[in-house]
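Now for the letters of each chain:
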Protein chains: 2
Amino acid sequence: MLPSFHAYVGEQSHLAHLQNYQSRSNTFSMSSSLRQELLNQHTLSMASLNPDDTNYVLGVPQEVDSYHTLCPLEPLDTPTDQAQRTFGYITTCYKAINSKDGLLYVLRRVHGFRLVNAKSMVIVDQWKKISHSNLVSLREVFTSKAFGDNSLVFVYDYHPGAETLLSRHFSGPDSTLPVNADGSLAFPAPNRAGMPGANRGGSRHGLMPERLIWSYIIQLSSALRAIHSAGLPCRMIDPSKILLIGNSRLRINGCGIFDILSFDPSNSSNAMIPHFQQEDLTSLGKLVLALASCYSLQSIQREHIQQSLEYVAMNYSSDLKNLVIYLLSNQMTTHLKSVNDIMPMIGARFYTQLEAAQVKCDVMEGELAKEMENGRLLRLLTKLGVVNERPELGMDPSWSETGDRYLLKLFRDHVFHQVTDAGTPVVDLSHVVTCLNKLDAGSPEKICLMSRDEQSVLVVSYRDLHNCLESAFNEVLSSSLS
Amino acid sequence: MLPSFHAYVGEQSHLAHLQNYQSRSNTFSMSSSLRQELLNQHTLSMASLNPDDTNYVLGVPQEVDSYHTLCPLEPLDTPTDQAQRTFGYITTCYKAINSKDGLLYVLRRVHGFRLVNAKSMVIVDQWKKISHSNLVSLREVFTSKAFGDNSLVFVYDYHPGAETLLSRHFSGPDSTLPVNADGSLAFPAPNRAGMPGANRGGSRHGLMPERLIWSYIIQLSSALRAIHSAGLPCRMIDPSKILLIGNSRLRINGCGIFDILSFDPSNSSNAMIPHFQQEDLTSLGKLVLALASCYSLQSIQREHIQQSLEYVAMNYSSDLKNLVIYLLSNQMTTHLKSVNDIMPMIGARFYTQLEAAQVKCDVMEGELAKEMENGRLLRLLTKLGVVNERPELGMDPSWSETGDRYLLKLFRDHVFHQVTDAGTPVVDLSHVVTCLNKLDAGSPEKICLMSRDEQSVLVVSYRDLHNCLESAFNEVLSSSLS
């Protein structure tokens, strides 16, 4: 048994047989939907201020602390209502590049805030230590006068293309339910088939699929566990502060802002932390109830909660109903609620979530295996480009036309300039890829290279050509280093 | 705000800050460890029979049913002991290509087996329906005389580079524990610090890290849940039949073989299924006990089990001990054991496992975003190659030297043949990549292209060059289609 030359291998059968796996049509590179998602993230990362738009440019400083190339992520002139409501201060978000590591971050500026107590930075250090795949990590906090006032700036990881749960599920013209004459909410009737939780898609006023609700619950409770066990409260379980990345990954955003803004130096014993942690669980319960009540934020108003719970009981599993009831319950007097208590209600759904994550990993790995080959061929083609048609090397203008390089020139013609007997060009990416793969591996296979005047034919193996390329490229390389 | 030209974006900050994230050194392509793993899989997939090695070639048929290019995955002359022991028949494994879909599969041939009852194929259909990320999927079963006897062939997905738990954890010279004079096992003393389950790595005769044991438990129980809820028994929870792929992904292999080989048409009411399912759980308990007892298969012999349990209790959490005791218990008389009952013992470890899977997905996505750019540039460079130095088009031998193509020729020199003032070549991949990116995006940036005789300088924008390439390539393309 011997491994032979490199080539694109077909995809692995366990991936090819996956349902809904869309990449079959593309053997050489990744599926177009994933590509589109990554390109979209890419484009957003590259977005910058239009230098001609003075309205914006004037309001944005060139540099803030060690961050440059700021680009606002939301309209500057009208701070959104959500920002004001949630923090009690006006805030603005920018994308910016850190000059220390060259990476993109999000700066969240709190306008007109003068930091009073340096002790609150201890909390920042606690937050910086928490790393979790369902949290947006806080990187640093600093004060700045670069915006023309005393601003406090929170630096977070940048997740291009993320949207909030509020904008995905709770906004738009259909986001409020009609109200009956008696003041109760007019929930849409359950679907005729009477199937609870049947898949009616994620459309507005339809039922949210129960599976997706549990996926959200598992992710958010996972983040809460990490936060609570670090001795911190989250205080950000709010549709406007939870980011949705791609189709179903959640990340809680804005962590730590409340802790700093409301820092009370006289109360450094953190007596309020257990209270806030309890509130986190109540907020989670409200969020789940709102999602399960046809994406309606009205449903969690005090006067509607009972009606909403009945609606959930009618349309979803009893586990989900019990989870909401547990989270909304006020058990402070008897014993504290804990995020660990909801694990039995999640139960086997952990397996479902895990299976989905593993399959996603497998798909990614399959895509990566395909794309990996492209990087190798790009480097090979670059080497060939450096040698072919080089005007001169070491004062020798005929370098690229003589010796080994002549073979490589003819090989180049073989790869790119094939014609039919009638002289019609043949344009075929798979021919290019196959030739380059055999060249890269130095396959013993032989090919005929014809001179341009068709007067001579040379028979060489890919192995010979491989060696020619290596020596010719190394000649250029060592000449460049001399 | 406007998105500008394409380019390699730096990696995302949440990935750059991950601990143990090794790819920082490589901005243009994926991390070398992942690349190595994928290349290794790739090479194994490409392995084939050495046509000169007649010993092998003679014993392997050219074609079996719709499969060709067979390549044995284990020595042919001495069937391994495990194969004989586990199935009661001699079996041999081959890698082969299915001519219907061109994908690689594993054929497991059971020697000298004449299928008696076509009804057993119902079981095969049941197995084919189960798709799970911790199982090797069964694709089909057929009889064949291609090997010169009556063979039964089971077709599974091929997972290149997989090894069995037996070979990873239970083999080698250190795989048996010394035995004391009284016949008890001489377990190594717990580490001095007295920390139960402390990380002593996965070295032989050290403790297996508890976290890894739980990862195995979660994966195997996940597969068992899927199998049992489909009404089937697994019967393959054995170190020799569980594959380890990469660092920690398990897949149960060989499912369905027992069901077919021991098919009893007189007993079609499947009365034995609950019994075998109970045995699956007992086997899982034994496997966990063996792993937690310093990777010792002796520890699960009946006379050593009590001692092994004490060792586990001393070195691991009580959850793990209780799980093993539950799985090994014989509760047939009172009530049946169920894989669902172990979920509370796993508890919050689900979160840990899920977090690891999500982080892995994120890392893969980051790597893919980097490699994606290479595919785009490869295609671009191929287009340029098709145009540059083309000997003739439509009977015009000067096509590639005139008009737009002349600009592209000079641009090619600019990309690949840069020299310093002293005439020394400049070899710089990042220059190549940057130029190609700007060309691809049609950036408004202008560059000076100098003719080879240095007599004329042309100032053009990348946008102009982009349009030149598009029109020139399309000219070749339409000519090729005419």
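Residues numbered from 1 in each chain as written. Chains lettered and ligands numbered in written order. Predicted model: local features only at pLDDT ≥ 70, side-chain atom pairs only at ≥ 80, totals over all residues. Heavy atoms only, no water.

In the annotation of an unreviewed UniProt entry, the entry for chain A reads PAN2-PAN3 deadenylation complex subunit PAN3, and the organism field reads Nematostella vectensis. We quote the UniProt Subunit (unreviewed entry) comment for chain A here in full: "Homodimer. Forms a heterotrimer with a catalytic subunit PAN2 to form the poly(A)-nuclease (PAN) deadenylation complex. Interacts (via PAM-2 motif) with poly(A)-binding protein (via PABC domain), conferring substrate specificity of the enzyme complex." (UniProt positions renumbered as here; feature names shortened; annotations may be inferred.)

Let's shift gears to the sheet that holds strand β7 (residues 163–164) of chain B. All names here are of chain B. Pairing in this open sheet of 3 strands is antiparallel, and the strands run β7-β8-β9 from one edge to the other. Edge strands, defined here as strands with exactly one partner in the open sheet, are β7 and β9 (249–252). Bridging between β7 and strand β8 (residues 242–245) involves 2 bridges; their strand directions are antiparallel. Considered in β8, the bridge of Glu-163 is made with Leu-244. (Pairing = 2+ DSSP bridges. Helix = DSSP H or I, 4+ residues; strand = E, 2+ residues; numbered from the N terminus.)

On to the interface of chain B and chain A. Contacts between the two partners involve 109 residues from chain B, matched on the other side by 109 residues from chain A. Put simply, chain B and chain A have 6 salt bridges between them. Note that Asp-362 of chain B is salt-bridged to Arg-251 of chain A, the shortest N-O span being 2.9 Å. At the boundary of chain B and chain A, one finds 24 residue pairs in polar contact (both at pLDDT 80 or more). If one sorts the elements of the side of chain B that touches chain A by residue count, helix α13 (residues 349–387) of chain B sits on top with 28 residues. (Contact = heavy atoms within 4.5 Å. Salt bridge = Lys/Arg side-chain N within 4 Å of Asp/Glu carboxyl O. Polar contact = N/O pair within 3.5 Å; in protein donor to acceptor, adjacent residues only side chain to side chain.)

Our focus in this paragraph is the relation of the copies chain B and chain A. Overlaying chain B on chain A yields an RMSD of 0.1 Å, the required transformation being a rotation through 180° with an accompanying axial translation of 0.0 Å. Both chain copies can therefore be described as sitting about a two-fold axis. When the interface residues of chain B are mapped onto chain A, 100% of them again fall at the interface, so both copies present the same face. (Least-squares fit on C-alpha atoms with pLDDT ≥ 70 in both.)

All right, on to the sheet that holds strand β2 (residues 67–72) of chain A then. All names here are of chain A. Spatially, the 6 strands line up as an open sheet ordered β1-β2-β3-β4-β6-β5, and their pairing is antiparallel. Single-partner strands in this sheet number two, and they are β1 (63–64) and β5 (138–144). Bridge count for β2 against strand β3 (residues 91–98) is 4 bridges, and the pairing is antiparallel. From the neighbouring strand, Tyr-67 faces β3, where its bridge partner is Asn-98.

Below, the discussion takes up the pairing of strand β3 (residues 91–98) of chain B. Residues and elements named next belong to chain B. Across the 8 residues that make up β3, a large majority, 7, are buried. For β3 and strand β4 (residues 104–110), the ladder comprises 7 bridges, and the chain directions are antiparallel. Within β4, the residue paired with Cys-93 across the bridge is Arg-108. In textbook terms, the turn of a hairpin is the stretch between consecutive antiparallel strands, and for β3 and β4 this stretch comprises 5 residues, one of which, Gly-102, has a positive phi near 75°. (Buried < 20%, exposed > 50% of the residue type's maximum accessible area, 1.4 Å probe, protein only.)

The next subject is a nonpolar patch on the surface. Together, Met-450, Val-457 and Val-459 of chain A line one region of the surface with nonpolar side chains, adding up to about 270 Å² of accessible area. Note on placement: Val-459 of chain A falls in strand β11 (residues 457–461). (Patch = residues over 30% accessible without salt bridge, like charges linked within 9 Å, V, L, I, M, F, W, Y side chains within 5 Å. Areas by Shrake-Rupley, 256 points an atom, 1.4 Å probe, with all protein chains shown as cover.)

Attention now goes to the environment of Leu-165 of chain A. Secondary-structure assignment places Leu-165 of chain A in helix α6 (residues 165–169). For Leu-165 of chain A, the residues in contact, after removing those within four places along its chain, are Phe-170, Tyr-216, Pro-239, Ile-242, Leu-244, Leu-250 and Leu-287 of chain A.

On to the UniProt feature "domain: Pan3 C-terminal knob" (unreviewed entry) in chain A. Mapped onto the present numbering, the UniProt feature "domain: Pan3 C-terminal knob" (unreviewed entry) falls at residues 339–475 of chain A. Between the first and last C-alpha atoms of residues 339–475 of chain A the distance is 65 Å; the span itself is 61% helix and 7% strand.

The next point concerns the domain arrangement of chain A. We note that the domain assignment places domain 1 (42–186 + 207–337) and domain 2 (373–481) within chain A. Distance between the C-alpha centres of domain 1 of chain A and domain 2 of chain A: 56 Å. (Domains from an automatic or database assignment.)

Attention shifts here to the packing of helix α14 (residues 403–416) of chain A against helix α15 (residues 429–441) of chain A. Residue and element names in this part refer to chain A. Contact geometry for α14 and α15: axes closest at 8 Å, N-to-C directions at 145°. Within the contact between the two elements, α14 uses Phe-411, His-414, Val-415 and Phe-416 and α15 uses His-431, Val-432, Cys-435 and Leu-439. Residues belonging to the contact of α14 with α15 are distributed by class as follows: 6 nonpolar, 2 polar and no charged. (Axes fitted to C-alpha atoms, helices over the stretch in contact; angles between N-to-C directions. Nonpolar A, V, L, I, M, F, W, Y, C, P; charged D, E, K, R; others polar.)

What follows deals with the pattern of salt bridges. Applying the stated criterion to the full structure yields 36 salt bridges over all chains. For Arg-249 of chain B, the salt bridge identified is with Asp-362 of chain A, shortest N-O distance 2.9 Å. One end of the pair, Arg-249 of chain B, is in strand β9; the other, Asp-362 of chain A, is in helix α13 (residues 349–387), on a second chain. The two residues Arg-249 of chain B and Asp-362 of chain A agree in class, both being buried. Where Arg-412 of chain A meets Asp-413 of chain A, a salt bridge forms, and the shortest distance between an N and an O atom there is 3.1 Å. Assessed through its relative accessible area of 5%, Arg-412 of chain A is described here as buried.

This part covers the packing of aromatic side chains. On inspection of all chains with the given rule, the structure shows 13 aromatic pairs over all chains. Taking 6.1 Å as the distance between ring centres and 85° as the angle between the ring planes, the aromatic pair formed by Tyr-67 of chain B and Tyr-105 of chain B counts as edge-to-face. Within this pair, whereas Tyr-67 of chain B is found in strand β2 (residues 67–72), its partner Tyr-105 of chain B is found in strand β4, the two being separated by 38 residues in sequence. Judged by relative accessible area, Tyr-67 of chain B falls into the buried class, the value being 1%. Here the aromatic residues Phe-350 and Tyr-351 of chain A together with Phe-350 and Tyr-351 of chain B are joined through ring pairs into a cluster of three or more. The ring centre of Phe-276 of chain A lies 3.6 Å from the NZ or CZ of Arg-235 of chain A, which sits over that ring. (Phe/Tyr/Trp six-rings, centres within 6.5 Å; stacked < 30°, edge-to-face > 60°. Lys NZ or Arg CZ within 6 Å of the ring centre and 35° of its normal.)

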